[in-house]
Structure formats: structure tokens, C-alpha cells
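Architecture at a glance
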Amino acid sequence: QVQLVESGGGLVQPGGSLRLSCAASGSFFSISAMGWYRQTPGKQRELVATMTSGRNTNYADSVKGRFTISRDNAKNTVYLQMNSLKPEDTAVYYCNADSVVTTRGVTSAWGQGTQVTVSS
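Residues numbered from 1 in each chain as written. Predicted model: local features only at pLDDT ≥ 70, side-chain atom pairs only at ≥ 80, totals over all residues. Heavy atoms only, no water.

Examining the pairing of strand 9 (residues 91-102)
Bridge analysis of strand 4 (residues 30-39) against strand 9 gives nine bridges, and the strand direction is antiparallel. Each bridged residue has a counterpart across the sheet, and for Ile-31 the counterpart in strand 9 is Val-100. In the sheet, strand 9 pairs with strand 11 (residues 114-118) via three bridges, with the strands oriented antiparallel. Bridging from a neighbouring strand, Tyr-93 pairs with Thr-114 of strand 11. Direction of pairing for strand 9 relative to strand 10 (residues 105-110): antiparallel, over a ladder of five bridges. Across the sheet, Val-100 pairs through a bridge with Thr-107, a residue of strand 10. Taken together, strand 9 and the strand that follows it, strand 10, pair antiparallel across an intervening segment of two residues. (Pairing = 2+ DSSP bridges. Helix = DSSP H or I, 4+ residues; strand = E, 2+ residues; numbered from the N terminus.)

Shown next, in the form of C-alpha cells:
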């Protein structure tokens, strides 16, 4: 089993910055990809950014140049540095761990979500 614990959300003014963190814990051997998704009421969850264990990244077009994903494989932790935040970035941000190898096979996991609100 793998558990994901997120932190770092909050209220920030437009143009401001926030840094999200997500730590994976539990009994597993490896995690292939970790990343961030976000969701607003009435809309589907959408990809924000992902990073593989080999540090290949994928970003949503809407955040390119403003958000940076990083990962500490030794700590099984993924970060999302969010700069130049806009009101449209307001959402619940979810951490995801994909292709997690455990004694029971390969699984994926989601965090509980952290609210990011961009407003003046």
C-alpha cells in the first residue's frame, strides 16, 4: 500500500507563488511517475505536471513557464513550484503516484487534495 500526503496549499494573490509538496509512504519498491492534477467544481480532473523517475516531465500548456515540477526519489517526494499564479489556477490540487510496484503488484494512488486559491 502507498499513501500520499500533500501540503503547501493556501490563499495567494494573483502574481504570487506557492510550493506544493507530496510525500509517498508505505510498503512499495518503486514509483514510476509522480505528478499533480487539479480539479474545479463541475469539471474533470486535469493534468498539471508529471515527472518520471528518470526525470522526464510533462506539463499542461496552461502552466508551462510558470510551474516547475521536481522530485526527490530518495525521499519519494514530489514538489510543484507555482509562480505567477492566476485566478484560473484556483482548484483543488491532487498528487498522484503511478505504476507503484508493491508486493501485491502494480498500483496507483491519489492524495487527499489541497486547496489553492488565487484571489485578491
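A closer look at the sheet that holds strand 3 (residues 18-26)
With antiparallel pairing, four strands are arranged side by side in an open sheet as 1-3-8-7. At either margin of the open sheet sits one strand with a lone partner, and together these are strand 1 (2-7) and strand 7 (67-72). Strand-to-strand twist in this sheet, taken as the mean axis angle between neighbours without regard to direction, amounts to 15°. (Axes fitted to C-alpha atoms, helices over the stretch in contact; angles between N-to-C directions.)

Quick word on the nonpolar core
Core analysis: the biggest nonpolar cluster contains 31 residues, and Leu-4, Trp-36, Leu-80, Met-82 and Tyr-93 have the highest contact counts within it. A per-element tally of this core places strand 9 first, with five residues. (Core = buried A, V, L, I, M, F, W, Y, C linked by side-chain atoms within 4.5 Å. Buried < 20%, exposed > 50% of the residue type's maximum accessible area, 1.4 Å probe, protein only.)

A closer look at the state of the cysteines
Applying the stated criterion to the full structure yields one disulfide. What pairs with Cys-22 in a disulfide is Cys-95, and their sulfur atoms sit 2.0 Å apart. One disulfide, between Cys-22 and Cys-95, carries an S-S torsion of -80° and so falls in the left-handed class. Taken together, the positions of Cys-22 in strand 3 and Cys-95 in strand 9 put the pair 73 residues apart, joining distant regions of the chain. The pair formed by Cys-22 and Cys-95 is uniform in burial state, with each residue classed as buried. (Disulfide = S-S within 2.5 Å.)

By themselves, these are just geometric observations and shouldn't be taken as functional.
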